[in-house]
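# Report on the structure
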Amino acid sequence: MAKMRGVTVIDTERCKGCRLCVVACPLNVLALAKSVNRKGYNYAETVLADTCTGCTSCAVVCPDGCITVYRKKEE
Amino acid sequence: MDIKEIMQPENLVYKKPELLNDTAMHYCPGCSHGVVHKLISEVIAEMGMENKTVGVSPVGCAVFAYKYIDIDWEEAAHGRAPALASAVKRLWPDRLVFTYQGDGDLACIGTAETIHALNRGENITIVFVNNAIYGMTGGQMAPTTLMGMKTATCPYGRDAKLHGYPLKVADIAASLEGTCYVTRQSVHTVGAINKAKRALRKAFEYSMQGKGSSLVEMVSTCNSGWKLSPEKANKWMEENMFPFYNLGDIKDTGANNQ
Amino acid sequence: MAEREITLMKGNEAIAHAAIRCGCDGYFGYPITPQSEVLETLAEQKPWETTGMVVLQAESETSSINMVYGGAATGKKVMTSSSSPGISLMQEGISYLAGAELPCLVVNVSRGGPGLGTIQPSQADYFQSCKGGGHGDYRLIVLAPSSVQEMADFVYLAFELAFKYRNPAMILTDGVIGQMMEKVELPPFKARRTEKEIIEQCPWAANGRPAGRKPNIITSLELDPAVMEEINIRLQKKYAQIQENEVRVEEFMLEDAEYAIVAFGSAARIAKKAIEMAREEGIKVGLLRPITLWPFPIKEVEALSKKVKGILSLEINAGQMVEDIRLAVNGRIPVSHYGRLGGIIPAPDEAVVELKKLIK
């Protein structure tokens, strides 16, 4: 069966570190970074890039529209 | 597969809606308002109404909604948004006209404007963000604050003897002849957000089809006001808000009323 | 030549007919005595079937004025009317309209107060109209008709000034002029502007953002005090320009006058009769009638004070406009006030008695 591969691109400066994307991800792809952005928020980052299937859950729940998602079927 | 190979325009599956501009929103981290703003932006664009929409923003946390969604806006006095929207729609019948209001604005100071706009069957949509608290002013009791819930002005919990009871606006709205669609939605999970978006789309379409007034209540969190993390606020909402503010369509006469 | 259309009607009816004829797009109102005939006449005339004008009875004066705000913000020509207690309820909205710089017309067919007061006529809303009944540093353009003809004409003038300056305008009248029947020649019909014309003439209006234009946002909110001060300074400049350009007065028998009555609206009609009676007794007196209460005719009153020996301010209130007269006269000559309160109309002979006191 073909596997879906996804990439999440996070606007880390816009991110407020609310963690809702981390909770929404069914595969624990995302986590809050140890470092902070210019506003002082621990922004969300991708920690398990290879696991992401591009399901968009993180982006859909993001209240600030920080996440862009790409998805491609693995041949 | 290489990341660059995946990150191609043809593989794009989600991005911030175009109508939602790049201005950083003033909302607290995890606030439901941001999701509702995204849904409104998406639905307007999907209906192709970017150039024919007038939004009316309230007084409350969403007072600056006009800074984030790139449509024409009018900023109303506290509670008066449905009066503004009534006039705009009657004077420009081919425009999509909606108000965006919180519980203090809509269900307290603006009760008369809300009830009468809905009861006249104005062809507008009222988007009602209910988080059971006054967010902007620092977490005071709202007309929708649950029994026993603690806020800055009911620090020992809402007590019926002192404060009366929480108001179910959507149920009142559903009893009015002028409404064609009244629904209660939430935006805390992917499933809920997809449902809420469909509800918003239906309401906006009914407005354009002249079927009457729609009220889309978004049962929401105010994690700052509730003094919970966004994640815990969602859980608290599921456990405490949903049993009182039941989700789902309360009234939908739009489909059979031509 | 087109036949002149002369009709006998009430002042309130004249307001309604003039609204339809001047190309007004929407009227939003709530019943209150003594102005209800405005809404009643509009409902009877059904302009939505002819000119396309929207007429809507709102749930309150609060809602009426906010409907006016909603409509005005889209560039449409919209109005409301009410009487004193209702106008008090509208003050929040009027302040917002002034703050957002929206053109509109508010008609106050005023009655005696304070509180629920009486339904009889009064001019006790002068302060409220001219000194800012709502919050903040703002001004309304205030026109005071003294005949049914002027009720009709000033609807046109008020809208013209409101759009010229992007500022709310008010017609301040009272139950006398509102209820009185007089002959009136209704002004010529003006077509309502098309949507295209509105969009061209009001590029600031929020009525749907065409592709390529930035969103239009109608608001009176600005949290940055430095920017808010700039906005206020700009407003004050606009008000100074209105003060400079838009003062309107009527002069009556002032050429040889040694004394003057200053009176507006219905009081000016009483003043004219009083002047006639006084002149029969050999008192050379004339009338200066402010037509614009704001901008107040400061220069005209100042000039008058250099010409006559004393001024009587005849008002149907406890003495409101007299304060503006005294400011303009600046102590040069005696200024007295005569008025009746609570819905009582002063009689011309009472005014003559007051005039004689001033002459002593």
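Just so it is clear, the structure is predicted and the values come from calculations on it, not from any experiment. (Residues numbered from 1 in each chain as written. Chains lettered and ligands numbered in written order. Predicted model: local features only at pLDDT ≥ 70, side-chain atom pairs only at ≥ 80, totals over all residues. Heavy atoms only, no water.)

### A few points about the overall build of chain A
Looking only at helices and strands, chain A has two helices and four strands in total. From first element to last, N terminus to C terminus, chain A shows the α and β order β-α-β-β-α-β. By the compact-globule yardstick of 11 Å for 75 residues, chain A fits well, its C-alpha radius of gyration being 12 Å. Each of the three principal axes of chain A carries a C-alpha extent, and together these read 45 × 20 × 15 Å. The buried share among the 75 residues of chain A stands at 47%. Split by element, the accessible area of chain A, about 3700 Å² in all, is 52% carbon and sulfur. For chain A, the separation between the mean place of its 11 positive charges and that of its 7 negative charges on side chains is 4 Å. (Helix = DSSP H or I, 4+ residues; strand = E, 2+ residues; numbered from the N terminus. Rg over C-alpha atoms; globule rule 2.2 N^0.38 Å. Buried < 20%, exposed > 50% of the residue type's maximum accessible area, 1.4 Å probe, protein only. Areas by Shrake-Rupley, 256 points an atom, 1.4 Å probe, with all protein chains shown as cover. Lys, Arg positive; Asp, Glu negative; His and termini not counted. Charge placed at Lys NZ, Arg CZ, Asp CG, Glu CD.)

### Thoughts on the overall build of chain C
From N to C terminus, chain C includes 14 helices and 15 strands. Computed over C-alpha atoms, the radius of gyration of chain C comes to 21 Å, within 12% of the 21 Å expected from 2.2 N^0.38 for 360 residues, which places it in the range of a compact globule. Principal-axis analysis of the C-alpha atoms gives chain C an extent of 70 × 50 × 45 Å. Counting only residues that meet the buried cut, chain C has 59% of its 360 residues in that class. Taking as baseline every contact in chain C between residues at least 6 positions apart, the subset at least 24 positions apart corresponds to 79%. Approximately 14200 Å² of chain C is accessible, and the part contributed by carbon and sulfur atoms is 53%. (Contact = heavy atoms within 4.5 Å.)

### Brief notes about the interface of chain C and chain B
Every contact between the two is made by 39 residues of chain C and, on the other side, 34 residues of chain B. Between chain C and chain B, roughly 2800 Å² of surface is buried when both sides are summed, and carbon and sulfur atoms account for 60% of that area. The interface formed by chain C and chain B contains four salt bridges. Two residues, Asp72 of chain B and Arg213 of chain C, come together in a salt bridge whose shortest N-O distance is 2.8 Å. Linking chain C with chain B are 14 residue pairs in polar contact (both at pLDDT 80 or more). When residues of the side of chain C that touches chain B are traced back to their parent elements, those giving at least two are β2 (26–29), β3 (54–57), α4 (61–72), α5 (84–99), α9 (195–201) and β9 (217–218) of chain C. With seven residues, α4 of chain C is the single largest residue contributor to the side of chain C that touches chain B. Considered class by class, the residues forming the side of chain C that touches chain B number 19 nonpolar, twelve polar and eight charged. (Buried area = accessible area lost by both parts, 1.4 Å probe. Salt bridge = Lys/Arg side-chain N within 4 Å of Asp/Glu carboxyl O. Polar contact = N/O pair within 3.5 Å; in protein donor to acceptor, adjacent residues only side chain to side chain. Nonpolar A, V, L, I, M, F, W, Y, C, P; charged D, E, K, R; others polar.)

### Considering the domain arrangement of chain C
Residue and element names in this part refer to chain C. When the domains of chain C are assigned, the result is domain 1 (6–195) and domain 2 (250–359). The distance between the C-alpha centroids of domain 1 and domain 2 comes to 27 Å. Counting from both sides, the interface comprises 28 residues of domain 1 and, opposite them, 23 residues of domain 2. Around 2100 Å² of area is buried between domain 1 and domain 2 when both sides are counted, 56% of it from carbon and sulfur atoms. Contact with domain 2 buries area across many residues of domain 1, yet Gln123, Tyr126 and Phe127 alone supply 33% of it, more than any other trio. Where domain 1 packs against domain 2, one counts three salt bridges. Two residues, Arg289 and Glu150, come together in a salt bridge whose shortest N-O distance is 2.7 Å. Taken together, the links from domain 1 to domain 2 amount to 17 residue pairs in polar contact (both at pLDDT 80 or more). Where the side of domain 1 that touches domain 2 is concerned, the elements lending two or more residues are α6 (126–130), β6 (141–143), α7 (148–165), β7 (168–174) and α8 (175–179). (Domains from an automatic or database assignment.)

### Side note on the packing of helix α12 (residues 298–305) of chain C against helix α13 (residues 321–329) of chain C
Residues and elements named next belong to chain C. It is at 8 Å that the axes of α12 and α13 come closest, and there the two elements cross at 65°. The crossing of α12 and α13 is right-handed. Note on element contacts: α13 touches α12 through Ile325, Ala328 and Val329, opposite Ile298, Val301, Glu302 and Ser305. In terms of residue class, the contact of α12 with α13 is made up of five nonpolar, one polar and one charged. (Axes fitted to C-alpha atoms, helices over the stretch in contact; angles between N-to-C directions. Left-handed = near helix turned anticlockwise from the far one by under 90°.)

### Points about the sheet that holds strand β4 (residues 67–73) of chain A
An order of β1(A)-β4(A)-β1(B) is seen for the three strands of this open sheet, with the pairing classed as antiparallel. Of all the strands in the sheet, just β1 (4–10) of chain A together with β1 (12–14) of chain B have a single pairing partner and so form its edges. For this sheet the average axis-to-axis angle between neighbouring strands, irrespective of direction, equals 30°. Sheet topology note: the β4 of chain A/β1 of chain B ladder contains two bridges and is antiparallel. From the neighbouring strand, Tyr70 of chain A faces β1 of chain B, where its bridge partner is Leu12 of chain B. (Pairing = 2+ DSSP bridges.)

### Points about the layout of surface pockets
Residue and element names in this part refer to chain C. Looking at the largest pocket, its volume works out to about 680 Å³. Forming the boundary of the largest pocket are 32 residues, of which Gly99, Ala100, Thr219, Ser220 and Leu221 lie nearest the centre. Counting residues per element, the lining of the largest pocket draws most heavily on helix α10 (residues 225–245), which supplies five residues. A breakdown of the residues in the lining of the largest pocket according to their chemical character gives 18 nonpolar, eight polar and six charged. (1 Å grid on protein atoms, 1.4 Å probe; cavity = no way out; pocket = protein on both sides within 12 Å on 5 of 7 lines; lining within 4 Å. Points joined across faces, edges and corners; volume = space filled by probe spheres on them.)

### What about the packing of α4 of chain C against α5 of chain C?
All names here are of chain C. Closest axis-to-axis distance for the α4/α5 pair is 7 Å, and the angle between their directions is 25°. In terms of orientation, α4 and α5 fall into the roughly parallel class. In terms of crossing hand, the pair formed by α4 and α5 is right-handed. Across the interface between the two elements, Glu61, Thr62, Ser64, Ile65, Asn66, Val68, Tyr69 and Ala72 from α4 touch Gly86, Leu89, Met90, Glu92, Gly93, Ile94, Tyr96 and Leu97 from α5. (Parallel < 35°, antiparallel > 145°, perpendicular 65-115°, else oblique.)

### Regarding the interface of chain B and chain A
Contacts between the two partners involve 33 residues from chain B and, on the opposite side, 29 residues from chain A. With both sides pooled, the region where chain B packs onto chain A buries about 2600 Å², and carbon together with sulfur makes up 66% of that total. At the boundary of chain B with chain A, the tally comes to one salt bridge. The salt bridge involving Arg19 of chain A is made with Glu231 of chain B; its shortest N-O contact spans 2.5 Å. Summed over the shared surface of chain B and chain A, the result is eleven residue pairs in polar contact (both at pLDDT 80 or more). When contributions to the side of chain B that touches chain A are tallied by element, the ones reaching two or more residues are α1 (3–6), β1, α2 (32–46), α8 (190–209) and α10 (230–244) of chain B. Residue composition of the side of chain B that touches chain A, grouped by class: 18 nonpolar, nine polar and six charged.

### Here's the deal with the packing of aromatic side chains
Residue and element names in this part refer to chain B. Applying the stated rule across the entire model yields ten aromatic pairs over all chains. Arranged with centres 5.5 Å apart and planes meeting at 35°, the rings of Phe98 and Phe204 form a pair that is tilted. Here Phe204 lies in helix α8 and Phe98 lies in strand β4 (residues 96–102), a separation of 106 residues in the sequence. We note that Phe98, like Phe204, is buried. Between Tyr181 and Tyr206 the ring centres are 5.8 Å apart and the planes differ by 85°, which places this aromatic pair in the edge-to-face class. Of the two residues, Tyr181 sits in strand β8 (residues 179–186) while Tyr206 sits in helix α8, which places them 25 residues apart along the sequence. Relative accessible area serves as the criterion here: at 7%, Tyr206 is assigned to the buried category. The rings of Trp73, Phe98 and Phe204 are connected pair by pair, giving a single aromatic cluster. (Phe/Tyr/Trp six-rings, centres within 6.5 Å; stacked < 30°, edge-to-face > 60°.)

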